[in-house]
Amino acid sequence: MNRLTYLLRRLALSIPVVWLGTTATFAIVRLGPLNPAAAIVGPVNSAEARERLARINERLGLNDPLLEQYSEYMLNLITFDLGQSWVVYPGQDTVALLAAFGPRTLWLGAWAVLIPIFLGIPLGIYAGLHPNTRRDYAASIGGIVWRATPNFWLAVVLLAGLSLSNEFLPGGGWQTFLVETRLVGAPDLSALHTPEGFLTATKQVLPASFVLGSASMGNELRLSRTAVLEIITEDYIETAEAVGVSDRRIVFKHVLRNAAIPLIPVVTSEAYLLVGGSVLVEVVFGINGIGTLFFEAMTTGDLPLAGSLMFVFILITVGINVLQDLLYTVIDPRVGFEGR
Amino acid sequence: MAGNNTARSTPGTEPDHDGRFAPGVGWLAGAALLLAPEAGALVGFLGSLLNVEFVVTVADAVPTLISRETIPNQGVQVPGEGWQGTFFGLSPAAAWALRVVVAYLYAAVWAVWLWRGYTLYRRHYRRRAWTPRDDVFRRFGRHRWGQFGLVIVALFLTLAVFAPALGPTTMERNVYDPYSYEVETYDADAGEVVTVSVGQANLESVSQGTPDRNVPPLAYDAFGRYHPFGTLPSGQDLFTTVAAGSRVSLFVGLLAITVSALVAVGLAMVSAYYGGVVDLLVVLVSDATQALPQLLVVILLSVVLSETWLAQLYSGGVLLALIFALTGWPSLWRAIRGPALQVAERDWVDAADSFGQQPQTTMRKHVLPYVAGYVMVYASMNFGGIVIGIAGLSFLGLGISPPTPEWGRIVDVGQPLLTTASWHVAVIPGLLVVLVVTGFNALGDGIRDAIDAETDLSDEEETSAAASGAGG
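Residues numbered from 1 in each chain as written. Chains lettered and ligands numbered in written order. Predicted model: local features only at pLDDT ≥ 70, side-chain atom pairs only at ≥ 80, totals over all residues. Heavy atoms only, no water.

## Description of the overall build of chain A
Looking only at helices and strands, one finds 14 helices and zero strands in chain A. When the elements of chain A are put in sequence order from the N terminus, they spell out α-α-α-α-α-α-α-α-α-α-α-α-α-α. Each principal axis of the C-alpha atoms in chain A carries an extent, and together these give about 85 × 60 × 35 Å. Taken over 340 residues, chain A has a buried fraction of 49%. If you take every contact in chain A between residues at least 6 apart in sequence, the share linking residues at least 24 apart comes to 71%. Per element, the accessible surface of chain A, about 16,200 Å² overall, is 64% carbon and sulfur. (Helix = DSSP H or I, 4+ residues; strand = E, 2+ residues; numbered from the N terminus. Buried < 20%, exposed > 50% of the residue type's maximum accessible area, 1.4 Å probe, protein only. Contact = heavy atoms within 4.5 Å. Areas by Shrake-Rupley, 256 points an atom, 1.4 Å probe, with all protein chains shown as cover.)

Spelled out as structure tokens, the structure:
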């Protein structure tokens, strides 16, 4: 089986998963005890409200037979007709909202994937190269505790620390460091192409990304440590040492390359955690991304919007899963296409 | 317990009991003796659970060892006379600390006694001299990290079980109905002891950020009340609230884990036995469940179901547990599917089948015991994830509804004060979550290594298993 047929098969297998997930969402949103139209209107205590309720019922097709509702719902989603928002941003198209809010979450998520890679993996490799030393224990235990820390609490504590940073850091605190930024708030992504704009936007989301990526960082630290530990005991490393290859060359050429194999799928699976985790971090750091949009939609009773967003989340997670399996085969040629 | 040692035959010196006195009877007598000082509290708890007023009243009259009646920590400090009304005139801090120590000692004695019971059973009653489980215990006995986890978990369990007695005051007195209770205090201006309602006293012992409006950890307020963790911005005692919150976390976590473990084990047995299409179907359903981001589904479900009767049970705790079970079973199922499939292919399963045994019996007797260990590993690790999840949801204002205390909501309350003198409100519950989750992860690690020294789980499985902060 070549790579293309593997990809096609993998995609075909993900169709029932998306279908089931979307059906479950439909069941929760439409069949649940909370009527979407009633949730939108709120308390019905006037003739006007009653009329509005009937109108929204009609618009959402809630009076149709269930099967018809279901087929229309699915058809709309498949054609990417995601409907509109009713409460949070009344009348706004969901796709337009995604386009407006999505980039901020992507920007946050991208850094949340990158920071752990550049912090967690080097630390783990360092710990693995010096096994059972005090530094190793410090890094390992740090990683374990780090990943057990709830994101919301870490976010709250980090925010407090940064707001106090001008008191114990020389030369002003975090807010005035390099470029002037606020502690909470959304990054300005309009000037990304200029160095100054890029720096400001990055600095603005950096604390939030750091929190969002913290669990991944602990994971990657732990895994890269084990990977390095396993490889440095391999025969070929000993052989390389015996023939006089320099330590530096051994580490970079032989250890790191092989250690990367188990790590890359981990990195993609972390990306998957970020989808759900962004809600809390965005709420604490005041970044109005998709997570906040979903949260607001839920708390204000904008169920149609929340259901459509859920569909997008399902697509993203399933997409990441497919991507991860593909990457596996690209990075490690030993992984066969059969039987996976 | 000490008085009982003489009545008990020493295990190990004789291979069997001497006929006059079975060692098990001695152990049971010891257990009954141990239970006696807490029997009143136990019966009272069961009575309140079943809502039988009469039982609760009777049980309340029975003296209990670990209670604020036996070791009172609230009193009045009269100049020149020391503390009045506390246990032996100790300061409230010392009396409270004594009660905590007694509670933990009591729990420790129980742990030792249960372990003794197990070894006794192993020596005198079990027919086989050795079973594979003995090796599991032996390996765990060398696993320091796992033991650390066990200790943390035990500390957490004790806190949750004895929560009403461990707090310096009670939730009823301090939080739910403070204006119906009174506290006595010495008024220096009037030179006499006066009574103030607890609600009024709370208003004057708030922690709101400025040094003069703050009761830090390990401090007394103006009314001679001791606050081990300081007070909340509303003046309520933080330790009492945190202890009560640990009960909530424990209850929701246990219920969620039990339900999801039942679902996961049931499905694993079915899919391992029948394989093929059944297995594929379960794979699809579990993949679809996992494709929905857990935290978001939990938010969605808890909002959609918030108006139903389910949400009324235990301030939404039951609903929350069910939601976590519904979204959490796939990870448990994935973990035990592999081992279950492997065991189902063994000869003895075939043999049992051809012997004419019912499929349920075959799976229960010949497959389940091999999978049970894995269930424990993943249950322990998922528990931490649920604790984080509940805290995160409550932090957002969903989940457990007030006034029922929850660690995440305390963090939310304390967040604006984090940079001020009242930092303790948000820091302490957060640290406790980290500690408890680390403990459960470590325990899971320990059990996993103890179950099977040979076959390590792959690193990938390891990461997906342990609870991580990303869930909240």
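## Observations regarding the confidence of the model for chain B
A low pLDDT means the predicted coordinates there should not be read in detail. Residues and elements named next belong to chain B. Averaged over chain B, the pLDDT score is 84; the fraction of residues at 70 or greater is 91%. Low pLDDT, under 50, characterises residues 1–15; the stretch is placed with 23 contacts to residues that sit more than four places away or in other chains. Ignoring residues within four places in sequence, the model shows residues 455–464, a span with pLDDT below 50, making 17 contacts including any to other chains. Among the prediction metrics, the complex's ipTM stands at 0.85, with pTM recorded as 0.87. (pLDDT = per-residue confidence, 0-100.)

## Looking at the interface of chain A and chain B
In this assembly, 53 residues from chain A lie in contact with 50 residues from chain B. Note on chain A versus chain B: buried area summed over both sides is about 4,500 Å², and carbon and sulfur give 78% of it. The largest contributions to the chain A side of the interface with chain B come from A:Arg147, A:Phe152 and A:Trp153, which together make up 14% of the buried area. Where chain A meets chain B, there are one salt bridge. Where chain A packs against chain B, one counts three residue pairs in polar contact (both at pLDDT 80 or more). Of all the elements in the fold, those that place two or more residues in the side of chain A that touches chain B are helix H1 (3–31), helix H6 (134–148), helix H7 (151–163), helix H10 (214–232), helix H12 (247–285), helix H13 (290–300) and helix H14 (303–331) of chain A. Here the residues of the side of chain A that touches chain B are counted per class, giving 38 nonpolar, 12 polar and three charged. (Buried area = accessible area lost by both parts, 1.4 Å probe. Salt bridge = Lys/Arg side-chain N within 4 Å of Asp/Glu carboxyl O. Polar contact = N/O pair within 3.5 Å; in protein donor to acceptor, adjacent residues only side chain to side chain. Nonpolar A, V, L, I, M, F, W, Y, C, P; charged D, E, K, R; others polar.)

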